[in-house]
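Below, each chain spelled out in residue letters.
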Amino acid sequence: MKQWKIYGILVFVMFIWGFNLPAVKFLVSEVRPVTLSAFRILLASITVFAILATLRMVRKPTKQEWKFILLGALLNVVFHHYFLSIGLSITTSSNAGLILGTGPVITAVLVSLIMRIYPSRLQWVGVILGLLGVSATVLAAGDGTSGLSYGDVFVFLSILSQVFSYLVISKAAKTLDPRLLTAYMFLIGSIVLFIISLVQEPGEIKAFFDVPPMFWVAFFGSGMVGTAVGHMLYNYSVGQAGPSKAAIFMNLNTLFTLVGSALFLGEVISSRHIFGLVLIVGGVILGSGAAEDMWRKHKLKKSLSESS
């Protein structure tokens, strides 16, 4: 039952992240990406600390835990959000979605090589199905995926750094609650991003004074829900289910992004989107191990009934 609870949390996180992407695209059009990311993540850090303080879960990390926090902050916050924010500003949404959809495959490969946790054959089938579903869904957006731009490279670097961070989070979760780890990573990462923004985007803070009112709705929604709650729950799930299983659910991110774009940006959902949805859901069920869990329970129930 606990495993299914984690699966439910992961689906909810993908829903949050999917609807967060259109919001971030809007925000980046008003304030330059690095400056925006620094303040958005600082808001996320304050939000996570506030939630954990209410639950009395805040504590001072040990020296060993600080190593994981610093490494995680660089990979999961600084590198990931820096490359992603810049990449989204100079590449197409379909290219970005397709590249982000490779996350489960990259995670499965790296986890196999580094942690020697090998997915089953059925889970590999799920990974491939999910990737095919992401491809079909993104290609249906009609933006085109031909040609490699600097933006595509930045988006790939963002997902690569995030995948490596999941390995760090998985190890840190043995002694430090991933939700508290998230709060500290956000705090340190936002400070580093702010320093980078002062060098790369000097004077951009002034842009916050000229934004429309809708900007603040998207900013607080993205920072407090999309980034704070989303990452807090996802990192918790990585600590519970492991990086490989959790990453499989990233395929749903592309689907929810397109749904959010259809609702808020007026984009049309075609039959290819529906086809992609079927592949993605099938990939999640197989790749997460849910199908194997259900089959084992069915066999156990059948054997018990036969023996009785």
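Residues numbered from 1 in each chain as written. Predicted model: local features only at pLDDT ≥ 70, side-chain atom pairs only at ≥ 80, totals over all residues. Heavy atoms only, no water.

S.K.: Quick question: what am I supposed to make of a nonpolar patch on the surface here?
M.R.: Taken together, the side chains of L42, I46, L187, I191 and I195 present a nonpolar region at the surface, about 420 Å² in accessible area. Put simply, the parts of the chain that give the nonpolar patch at least two residues each are α2 (33-54) and α8 (178-200). Per-element accounting of the nonpolar patch gives the leading share, three residues, to α8. If you trace the backbone, I191 turns up in helix α8. (Patch = residues over 30% accessible without salt bridge, like charges linked within 9 Å, V, L, I, M, F, W, Y side chains within 5 Å. Areas by Shrake-Rupley, 256 points an atom, 1.4 Å probe, with all protein chains shown as cover. Salt bridge = Lys/Arg side-chain N within 4 Å of Asp/Glu carboxyl O. Helix = DSSP H or I, 4+ residues; strand = E, 2+ residues; numbered from the N terminus.)

S.K.: Just checking my understanding: could you explain the packing of helix α1 (residues 2-30) against helix α9 (residues 213-241) for this structure?
M.R.: Packed helix pairs are characterised by how far apart their axes lie and by the angle those axes make with each other. At their nearest, the axes of α1 and α9 sit 8 Å apart, and the two run at 150° to each other. In terms of orientation, α1 and α9 fall into the roughly antiparallel class. The hand of the α1/α9 crossing is left-handed. Here the residues of the contact of α1 with α9 sort into 22 nonpolar, nine polar and two charged. (Axes fitted to C-alpha atoms, helices over the stretch in contact; angles between N-to-C directions. Parallel < 35°, antiparallel > 145°, perpendicular 65-115°, else oblique. Left-handed = near helix turned anticlockwise from the far one by under 90°. Nonpolar A, V, L, I, M, F, W, Y, C, P; charged D, E, K, R; others polar.)

S.K.: Is there a simple way to explain the packing of α2 against α9 in this structure?
M.R.: Packing of α2 against α9 brings their axes to within 8 Å, and their N-to-C directions diverge by 55°. In terms of orientation, α2 and α9 fall into the oblique class. Crossing of α2 over α9 shows right-handed handedness. Judged by residue contacts, L36, F39, R40, L43, A44, T47, V48, I51 and L52 of α2 engage F215, F219, F220, S222, G223, M224, T227, A228, V229 and M232 from α9. For the contact of α2 with α9, a count of residues per class yields 14 nonpolar, four polar and one charged. (Contact = heavy atoms within 4.5 Å.)

S.K.: Which parts of the structure should I look at to understand the packing of aromatic side chains?
M.R.: Two aromatic rings are characterised by how far apart their centres lie and by the angle between their planes. All told, the structure shown has 17 aromatic pairs when counted by the stated rule. Considering the side-chain rings of F39 and F194, the 5.7 Å spacing of their centres and the 85° angle between planes classify their relative orientation as edge-to-face. Note that F39 is positioned in helix α2 and F194 in helix α8, a separation of 155 residues in sequence. Residue F39 is classed as partly exposed on the basis of its relative accessible area of 27%. Seen from their ring centres, F79 and F83 are 6.4 Å apart, and the 40° between their planes marks the pair as tilted. Residue F79 and its partner F83 are located together in helix α3 (residues 63-90), separated by four residues, close to a single helical turn. The class for F79 is partly exposed, based on a relative accessible area of 36%. These aromatic residues form a ring-pair network of at least three members: F39, F194, F208, F215, W216, F219 and F220. (Phe/Tyr/Trp six-rings, centres within 6.5 Å; stacked < 30°, edge-to-face > 60°. Buried < 20%, exposed > 50% of the residue type's maximum accessible area, 1.4 Å probe, protein only.)

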